[in-house]
Amino acid sequence: MILTKEFQQYKESRNLTLRVCRKADPESKGKIENVVGFIKHNFAKHRVFHNIDSWNEQGWEWLNRTGNYKVHHTTKKRPVEVFSLERQHLRRVTKNLDIKYNYETSISRCVHKDNTIRYLSNRYSLPLGTFGKYETLCIKETEEKVLIIYSPETGEVIAKHNIPDGKGLLIKDRKHSRDRTKGIDAFMNTVSQQFNDNEIAYDYLQAVKEKYPRYIRDQLQMILKETKVNNREILSAALNECIKRNLYSATDFSDVVAYLKRQRQVEDTVIDTAKNVTHVKRVSGWVMETEAQKREVGAYTAILEGELV
């Protein structure tokens, strides 16, 4: 409840100070659990409630008889008497609750560095730049299983996603990965500046835009990605090759860049076919020119027949 936007507005309007149990604090945590357990096992157990009015009626009777009247085991005081003393120090609320935007109950979520939020073991994408612009956003699930992500201050809807059935999924909108802070013309000018000849590059990008008007932003992003990992010499050669062969698309440009890089690797590889053989030990030249004596085949035949040579 304390994470809801409505409770935060209520707390600020009433100038309240929130005090919650600290993590792994059995003293504070046990106090709350004992109260809940006391109501569950003393009041709610072994009672039959036909409707909410029956629950409320018996609940008030139990509070007046047991919950607030009996002496507390630790404090040795009745809660109703202690409350009568503490109520003298309570502050009266005079300011009316002013809710700027009347939303249904919602939960806030932190925006992660990859421009996503988590909800029910899934990640949902947000537009680029959301992480630096918002720290937290509010979410609301509709009856049609649609997740609405909006700003708690202005009520602006940041994103909408269909909620899937699985877990551990990334639900991403392709529009969220596009940089829309710049116009198309400014984007084309930025990409053309990465080439040696800006005018030729801009004309090439203009031709790509005429061929793919609906996907020009994706095309420019792919070409810009190639300019960040390659030098200008390869980029200029690839640009000239694409213009020469009428290849006006980002995928063709990337393929030409990869082809030129492979060709340069082959040309830069030096194959040394002339191998100099060095002898392990120095041997005189007359030894290398000496030929061993050869016998006739008849000599070996005579030895096999038992004749002496």
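Residues numbered from 1 in each chain as written. Predicted model: local features only at pLDDT ≥ 70, side-chain atom pairs only at ≥ 80, totals over all residues. Heavy atoms only, no water.

## Some remarks on the nonpolar core
Counting 22 residues, the largest nonpolar core has Val191, Phe195, Tyr204, Leu205, Leu220, Ile223 and Phe253 as its most contacted members. Residues in contact with Val191, not counting those within four places in the same chain, are Leu205, Leu220, Ile223 and Leu224. With 14 residues, the next largest nonpolar core counts Leu126, Leu137, Ile139 and Ile163 among its residues. (Core = buried A, V, L, I, M, F, W, Y, C linked by side-chain atoms within 4.5 Å. Buried < 20%, exposed > 50% of the residue type's maximum accessible area, 1.4 Å probe, protein only. Contact = heavy atoms within 4.5 Å.)

## Re the sheet that holds strand β4 (residues 136-141)
If you trace the 4 strands from one edge of the open sheet to the other, you get β1-β4-β5-β6, paired in antiparallel fashion. Both outer strands of the open sheet, β1 (107-110) and β6 (157-162), are each paired with one neighbouring strand and no more. The sheet shows a mean angle of 30° between the axes of neighbouring strands, direction not considered. As defined by bridge partners, strand β5 (residues 146-150) adjoins β6 across 5 bridges and the pair is classed as antiparallel. Within the sheet, the bridge partner assigned to Leu147 lies in β6 and is His161. (Pairing = 2+ DSSP bridges. Helix = DSSP H or I, 4+ residues; strand = E, 2+ residues; numbered from the N terminus. Axes fitted to C-alpha atoms, helices over the stretch in contact; angles between N-to-C directions.)

## Thoughts on a nonpolar patch on the surface
A cluster of nonpolar side chains, Val35, Phe38 and Ile39, forms an exposed patch at the surface whose accessible area comes to about 240 Å². Overall, Val35 belongs to the partly exposed group, its relative accessible area being 48%. (Patch = residues over 30% accessible without salt bridge, like charges linked within 9 Å, V, L, I, M, F, W, Y side chains within 5 Å. Areas by Shrake-Rupley, 256 points an atom, 1.4 Å probe, with all protein chains shown as cover. Salt bridge = Lys/Arg side-chain N within 4 Å of Asp/Glu carboxyl O.)

## Observations concerning the side chain of Ser249
Within the secondary structure layout, Ser249 lies in the loop between α9 (232-244) and α10 (250-268). There is a polar contact of 3.3 Å between the side chain of Ser249 and the side chain of Thr251. Setting aside residues no more than four positions away along its own chain, Ser249 makes contact with Tyr204, Val208, Tyr212 and Gln219. (Polar contact = N/O pair within 3.5 Å; in protein donor to acceptor, adjacent residues only side chain to side chain.)

## Points about the confidence of the model for the protein chain
Here the protein chain shows a mean pLDDT of 81. Residues at 70 or above account for 81%. Ranking the elements of the protein chain by mean pLDDT puts helix α11 (residues 285-289) last with 64 and strand β3 (residues 122-125) first with 93. (pLDDT = per-residue confidence, 0-100.)

## Description of the pairing of strand β2 (residues 116-119)
Pairing analysis gives 4 bridges linking β2 to β3, with the strands arranged antiparallel. Bridge pairing in β3 places Tyr119 opposite Asn122. Hairpin connection of β2 to β3: 2 residues between the antiparallel strands, including Leu120 at a positive phi of 55°.

## A short note on the sheet that holds β3
Spatially, 3 strands are ordered β2-β3-β7 in an open sheet, and the strand pairing comes out mixed. Because the sheet does not close on itself, it has two edges, and the strands there are β2 and β7 (170-171). Pairing of β3 with β7, which is carried by 2 bridges, proceeds in the parallel orientation. In the sheet register, Arg123 faces β7, and the bridge partner there is Leu170.

## What about the packing of aromatic side chains?
In total, this model carries 8 aromatic pairs according to the counting rule given. For the pair Phe38 and Trp62, a centre-to-centre distance of 5.2 Å together with 50° between the ring planes defines the contact as tilted. Taken together, the positions of Phe38 in helix α2 (residues 26-44) and Trp62 in helix α3 (residues 52-67) put the pair 24 residues apart, joining distant regions of the chain. Given a relative accessible area of 35%, Phe38 falls into the partly exposed group. Considering the side-chain rings of Phe43 and Trp62, the 5.4 Å spacing of their centres and the 40° angle between planes classify their relative orientation as tilted. With Phe43 in helix α2 and Trp62 in helix α3, this residue pair connects regions lying 19 residues apart in the sequence. Members of the aromatic cluster, each reached through a chain of ring pairs, are Phe38, Phe43, Phe49, Trp55 and Trp62. (Phe/Tyr/Trp six-rings, centres within 6.5 Å; stacked < 30°, edge-to-face > 60°.)

## Overview of unusual backbone geometry
Residues other than glycine seldom take positive phi values, yet Leu120 does so here, at roughly 55°. On the secondary structure map, Leu120 appears in the loop between β2 and β3.

## Notes on the environment of Tyr69
Structurally, Tyr69 is set in the loop between α3 and α4 (79-86). Those residues within four positions of Tyr69 in sequence are excluded, and the remaining contacts are Leu63, Asn64 and Arg78.

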